[in-house]
Amino acid sequence: FHVVYQTELAGFVQSVDLDAQLAVLNAAYSGSGFSFERYHADWTLNDLWASAIQDSDAEIEMKRSLAVTPETVLNVYINNLQFVQ
């Protein structure tokens with residue numbers, strides 16, 4: 001998990017909340033042969049990345065900087081990504 005936030009009041013997600021979301025994910029995939037565990041978690045205070053626009057240079061920079069072994073690890077980014085319509 002990569003939590004990218006602006007302040008502790010804007011976008012900050014606690015470790016216990018990551019664990020709770022992981023439990024939901026595992027419950028949804030139970031019986032499928034897939035299970036998930038937390039391999040890594042980090043928290044990054046970065047205003048630009050926290051509100052990056054989809055497919056922007058900021059989003060690409062964030063993912064390149066934070067990704068952990070993307071060939072074999074599912075990297076989950078938690079921020080306030082702005083989608084372009």
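Our structure is the block above this text.
None of these values were measured; they are calculated from a predicted model. Once a new chain begins, its residue numbering starts again from 1 and follows that chain's sequence as written. Selection of residues for local features in this predicted model requires a pLDDT of at least 70, selection of side-chain atom pairs for listing and counting requires 80 or more, and totals for whole chains, interfaces and linings are taken over all residues. The basis for every side-chain value is the complete set of heavy atoms in the structure, and neither hydrogens nor water enter the calculation.

Participant: Looking at this structure, I do not really get the overall build of the protein. What am I missing?
Facilitator: Where helices and strands are cited, they refer to DSSP runs of H or I of at least four residues and of E of at least two residues respectively, numbered from the N terminus. Looking only at helices and strands, the protein features three helices and three strands. The linear arrangement of helices and strands in the protein, starting from the amino end, is β-α-β-α-α-β. Projected onto its principal axes, the C-alpha coordinates of the protein cover approximately 40 × 30 × 25 Å. Classification of the 85 residues of the protein by burial places 25% in the buried group. Reported accessibility uses the Shrake-Rupley method at a 1.4 Å probe radius. Residues are deemed covered only where the shown protein chains occlude them. Accessible area for the protein stands at about 6,000 Å²; split by element, carbon and sulfur atoms hold 53% of it. For each residue, the accessible area found with a 1.4 Å probe, counting protein chains only, is set against the maximum for its type, and the residue is called buried under 20%, exposed over 50%, and partly exposed in between.

Participant: Please explain unusual backbone geometry as it appears in this structure.
Facilitator: Negative phi is the rule for most residues except glycine; trans is the rule for most peptide bonds. Despite not being glycine, Asp 55 shows a phi value in the positive range, around 65°. If you trace the backbone, Asp 55 turns up in the loop between α2 (47–50) and α3 (57–66). Under the relative-accessibility criterion, Asp 55 is labelled exposed at 60%. Within the chain, Thr 69 stands out as a residue other than glycine whose phi angle is a positive 40°. Residue placement: Thr 69 occurs in the loop between α3 and β3 (77–78).

Participant: For this particular structure, what's the right way to read the packing of aromatic side chains?
Facilitator: Each aromatic ring pair is described using two quantities: the centre-to-centre distance and the angle formed by the ring planes. Each Phe, Tyr or Trp ring, with Trp reduced to its six-membered ring, pairs with another whose centre is within 6.5 Å; inter-plane angles below 30 degrees give stacked pairs, above 60 give edge-to-face pairs, and intermediate values give tilted ones. What the rule picks out here adds up to two aromatic pairs. For the pair Tyr 5 and Phe 12, a centre-to-centre distance of 4.9 Å together with 90° between the ring planes defines the contact as edge-to-face. Between Tyr 29 and Phe 36, the aromatic rings sit 5.4 Å apart at their centres with planes inclined by 75°, giving edge-to-face as the arrangement.

Participant: Help me understand α3 in this model?
Facilitator: Residue pairs three or four apart in sequence face the same way in an α-helix, which turns once every 3.6 residues. Among all positions in α3, only Ala 58, Glu 59, Met 62 and Leu 66 are buried. End-on view of α3: buried residues confined to an arc of 100°, all on one side of the axis. Turned more than 90 degrees off the buried face of α3, the exposed positions are Asp 57 and Arg 64. When we speak of the arc, we mean the arc of directions from the helix axis to the C-beta atoms.

Participant: Can you help me understand the nonpolar core in this one?
Facilitator: A general tendency of soluble globular proteins is for nonpolar side chains to be buried together. Counting residues in hydrophobic clusters, the biggest one holds seven residues: Val 4, Trp 49, Ala 50, Ala 52, Ala 58, Met 62 and Leu 66. Those elements that provide at least two residues to this core are α2 and α3. Of the residues forming this core, the biggest block, three residues, is contributed by α3. Residues within four places of Met 62 in sequence aside, it is in contact with Val 4, Trp 49, Tyr 77 and Asn 79. With six residues, the next largest nonpolar core counts Phe 1, Val 3, Tyr 5 and Leu 22 among its residues. We call a set of buried residues a nonpolar core when its members are Ala, Val, Leu, Ile, Met, Phe, Trp, Tyr or Cys and they connect through side-chain atoms within 4.5 Å of each other. Whether two residues touch is decided by their heavy atoms; if any such pair falls within 4.5 Å, the residues are in contact.

Participant: Just to check I follow, could you spell out the pattern of salt bridges for this structure?
Facilitator: Between side chains of opposite charge, a pair can form when the charged atoms approach closely. The rule for a salt bridge is simple: a side-chain nitrogen of Lys or Arg has to be within 4 Å of a carboxyl oxygen of Asp or Glu. Within the structure shown, the criterion is met by two salt bridges. Asp 19 is paired through a salt bridge with Arg 38; the nearest N and O atoms lie 2.5 Å apart. A residue pair is termed long-range when its members are at least 10 positions apart, and Asp 19 in helix α1 (residues 15–28) and Arg 38 in the loop between α1 and β2 (42–45) qualify at 19 residues. The class of Asp 19 is partly exposed, set by a relative accessible area of 37%. Residue class for Arg 38 comes out partly exposed when judged on its relative accessible area of 27%.

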